[in-house]
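Observations on chain architecture
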Number of protein chains: 2
Amino acid sequence: MSYRIGLDISGGDFAPDEIFKGALLAKKELEDKIVLIGVKEEIQQQIKKYNLDKNTFEIIEAPEKISMGESPAVAVRKKKGSSLTIGSKLLKEKKIDAFVSCGNTGACVCAATLNVGLIEGIERPGIALKVPTKRGVSLLIDVGANIDPKPIHLFQYGIMASVYYRLVLNKKNPTVGLLNIGEEETKGPDYVRSVHKLFSASPIDFIGNIEAKDIFSGVCDCIVCDGYAGNVALKVAEGVAETMGKFLLNEIKKDWLGKLGLLLILNSIKRFKRLIDYSEYGGAPLLGVDGIVIIGHGRSNALAVKNAIRVATKEVAYNLNTEIKNSIDSVCQDKKIKELLFE
Amino acid sequence: MSYRIGLDISGGDFAPDEIFKGALLAKKELEDKIVLIGVKEEIQQQIKKYNLDKNTFEIIEAPEKISMGESPAVAVRKKKGSSLTIGSKLLKEKKIDAFVSCGNTGACVCAATLNVGLIEGIERPGIALKVPTKRGVSLLIDVGANIDPKPIHLFQYGIMASVYYRLVLNKKNPTVGLLNIGEEETKGPDYVRSVHKLFSASPIDFIGNIEAKDIFSGVCDCIVCDGYAGNVALKVAEGVAETMGKFLLNEIKKDWLGKLGLLLILNSIKRFKRLIDYSEYGGAPLLGVDGIVIIGHGRSNALAVKNAIRVATKEVAYNLNTEIKNSIDSVCQDKKIKELLFE
């Protein structure tokens, strides 16, 4: 089956060029229909640039832009003509099956929550990020949608991530771990300890607390944390990877043996870079919203955009949100869970 | 001048061997007197092993041990004969000038707070970690002492770190940044935004919010955050460094060119490892306690122990805590700050 995927052409550090290029790549690879949402004139310029037929993509005019630095709530409230607002409204009206944006993350969360609404029973949406680990891919949720977390939010993140992993990443009984500052269940802030109790009482395959050093070691399939901690984890990982790379390169270039060695390992470095390159992983699903929304990294290139579109079609095909709703209903109806939630 | 430094011989993954070896290294390098605190028999075995005179070190018997996994509060309350309890009491009684431990971090914070007490005016102690950056060393505070932070705690962390950086790391006007999920002052959880206001109103050289990706880029000298986020940052950095190293090595070993290249860059890798090796940085001061306490990494080797002792003597020599008290007094007496604190 083919779907209609809305793509925010105005969002992202390299918009509109890389986003448009990504749409072209996706068009070649997928049967789905890509709907470009953004400033019409800019889209037409791109079409001209590639000498394409003007009907190559369906275009929806969204004259306003929300920049990366703008305050999400204010921008979404004021700019009714932004690609984020118009895209999320199209999703609500089911005129598109999924919406992909590499723009202002906070504004995307805000527009989706406001205009599309949440899945019945879900309290807060969470951004789930695929991270490369020693044993494959883990899903880290939340990495920045929710900085005022309550136990039920984190509990629901675990359930949603587990459904996502099972369907989209195709694993029967995905395991869930809780990010904490120690492995013992008595460790950490109060709200994290409450989440530990909830998971322990649920049918989720819960492995307990995990420490941040294990996020990238693949000890479990889904890792649950609040958006502040998740954002710190993600940004530290980016920063360390970059800094380490520079440190190492500096040291290697200090002697001629090193320089020669560097030449010999260039291919290995290229393979390594591809392994840790976020653009391979297809953006981060915003779970909990009553429609498929994928948030791409601000620095997304064409490949990242194409992969985000590919993942969006998968989520639609697997009826992700229906499955999430069923899981949430069944888990949260449990008497013991209800008691814990009202403690 | 020479000082008396108490060393917990029972704490750390490689205790007592590496801790004792570290004491020996320190003895060779420093004029200060090292007081070993731990199980007498174990210390005497070490002395025998190295064929040393039995008066090489002063020994204080501490028959009980607190393991790395024990619950800090419970362990400190129950084990009155632990090296942590006895060491912190000796510090309180001024029988030693500083106390160094590589044991259970939480228990060390707990024992020091309980037995030594806090500097007058300080509300919570914080662990300050030296992190290598592109431009030298930054001080990240707190990395795990306080997981229930209030604005005043973080504000005081910034003041203490600033004094530490000025005295011990020898820089006139150290800059302070606040860890947040975005650079704009409107971003982040409520308590973090309150801290932003406090710093902005204070004489601290405050550069504003910084994102976690910049922890290792050296944008400021001191970085303030809550203990949960700081711990996540630190552990993620460790995890990423380790995982990246393994990924890269795997890729390099996949072809013979890579293997040859690896041989050629081995020296560079060694230099690089030394650059990012925590053992070079001399442990993490527990700031806010009314006595000099240094917490070493659990995996500390002899070199790390020696460096922690060296840093401890520096802190004593510079009268760190008197300076911290003076700074806190002068900043917190300010009318505007007082108003903000009572908001």
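About the criteria used
- Residues numbered from 1 in each chain as written.
- Chains lettered and ligands numbered in written order.
- Predicted model: local features only at pLDDT ≥ 70, side-chain atom pairs only at ≥ 80, totals over all residues.
- Helix = DSSP H or I, 4+ residues; strand = E, 2+ residues; numbered from the N terminus.
- Rg over C-alpha atoms; globule rule 2.2 N^0.38 Å.
- Buried ≥ 20, exposed ≤ 12 C-beta atoms within 10 Å, placed from the backbone.
- Pairing = 2+ DSSP bridges.
- Axes fitted to C-alpha atoms, helices over the stretch in contact; angles between N-to-C directions.
- Contact = placed C-beta atoms within 7 Å.
- Parallel < 35°, antiparallel > 145°, perpendicular 65-115°, else oblique.
- Left-handed = near helix turned anticlockwise from the far one by under 90°.
- Nonpolar A, V, L, I, M, F, W, Y, C, P; charged D, E, K, R; others polar.
- Domains from an automatic or database assignment.
- Least-squares fit on C-alpha atoms with pLDDT ≥ 70 in both.
- pLDDT = per-residue confidence, 0-100.
- Right-handed = clockwise from strand over helix to strand, strands pointing away.

Scanning chain A from terminus to terminus reveals 12 helices and 11 strands. The C-alpha atoms of chain A give a radius of gyration of 21 Å, which matches the 20 Å a tight globule of 343 residues would have. Structurally, chain A occupies a C-alpha span of about 60 × 60 × 40 Å along its principal axes. Per-residue burial over chain A gives 56% buried out of 343 residues.

On to the sheet that holds strand 7 (residues 175–179) of chain B, then. Adjacent strands of a sheet form backbone hydrogen bonds with each other and so pair up, either parallel or antiparallel. All names here are of chain B. Ordered by their spatial adjacency, 11 strands build an open sheet running 3-2-1-4-11-10-5-6-9-7-8, and the pairing between neighbours is mixed. Of all the strands in the sheet, the pair left with one neighbour each is strand 3 (58–61) and strand 8 (205–210). The sheet shows a mean angle of 25° between the axes of neighbouring strands, taken without regard to direction. With respect to the sheet, helix 4 (residues 83–92) is in contact with strand 1 (4–8), strand 2 (33–38), strand 3 and strand 4 (98–101), its orientation differing from that of strand 1 by roughly 165°. Of the strands in this sheet, strand 5 (126–133), strand 6 (136–141), strand 7, strand 9 (222–224) and strand 10 (284–287) touch helix 6 (residues 151–167), which is tilted by about 165° from strand 9.

Residues and elements named next belong to chain A. Where helix 6 (residues 151–167) meets helix 11 (residues 320–332), the axes come as close as 9 Å, and the angle between the chain directions of the two elements is 135°. When the axes of helix 6 and helix 11 are compared, the pair comes out oblique. Between helix 6 and helix 11 the crossing geometry is right-handed. In contact with Q156, I159, M160, V163, Y164 and L167 of helix 6, helix 11 contributes L320, E323, I324, S327, I328 and V331. A per-class count over the contact of helix 6 with helix 11 returns 9 nonpolar, 2 polar and 1 charged.

Bringing the domain arrangement of chain A into the picture now. All names here are of chain A. We note that the domain assignment places domain 1 (1–122 + 288–317) and domain 2 (126–282) within chain A. Taken over C-alpha atoms, the centre of domain 1 sits 26 Å from the centre of domain 2. Taken together, the 16 residues of domain 1 in the interface contact 12 residues of domain 2. Those elements giving two or more residues to the side of domain 1 that touches domain 2 turn out to be helix 5 (105–116) and helix 10 (302–317).

The subject of this paragraph is the interface of chain B and chain A. Listed per partner, the contact involves 53 residues of chain B and 53 residues of chain A. Breaking the side of chain B that touches chain A down by element, the ones donating at least two residues are helix 8 (227–252) and helix 9 (256–276) of chain B. Across the side of chain B that touches chain A, the residue classes tally to 27 nonpolar, 13 polar and 13 charged.

Quick look at the relation of the copies chain B and chain A now. Mapping chain B onto chain A leaves a residual RMSD of 0.1 Å; the transformation is a rotation of 180° accompanied by 0.0 Å of translation along its axis. In the structure described here, the two chain copies are related by an operation that fits a two-fold rotation axis. Among all residues of chain B, the one whose C-alpha sits closest to the rotation axis is G261 of chain B, at a distance of 2.0 Å. Both copies present the same face, since 100% of the interface residues in chain B are matched by interface residues at the equivalent positions in chain A.

Moving on: the environment of G258 of chain B. Take G258 of chain B: it is sitting in helix 9. Look past the residues within four positions of G258 of chain B in its chain and what remains in contact with it is L264, I265 and S268 of chain A together with I252 and K253 of chain B.

In this section: the confidence of the model for chain A. Chain-level statistics for chain A give a pLDDT mean of 91 and a share of 99% at 70 or above. Model confidence for the complex: the whole-complex pTM is 0.86, and ipTM, which rates the interface, is 0.80.

On to the pairing of strand 3 (residues 58–61) of chain A. The two faces of a sheet get side chains in turn, since along a regular strand they alternate between them. Residue and element names in this part refer to chain A. In terms of strand pairing, strand 2 (residues 33–38) meets strand 3 through 4 bridges, oriented parallel. Across the sheet, I37 pairs through a bridge with I60, a residue of strand 3. For the segment spanning strand 2, helix 2 (residues 40–49) and strand 3, crossover handedness is right-handed.

What follows is about the environment of I292 of chain A. Residues and elements named next belong to chain A. Inspection of the secondary structure assignment puts I292 in strand 11 (residues 292–295). Look at I292 and you get buried, because 28 C-beta atoms sit within 10 Å. The spatial distance from the C-alpha of I292 to the C-alpha of L320 is 8.2 Å, given a sequence separation of 28 residues. The contacts of I292, once residues within four sequence positions are left out, are D97, A98, A312, E315, V316 and L320.

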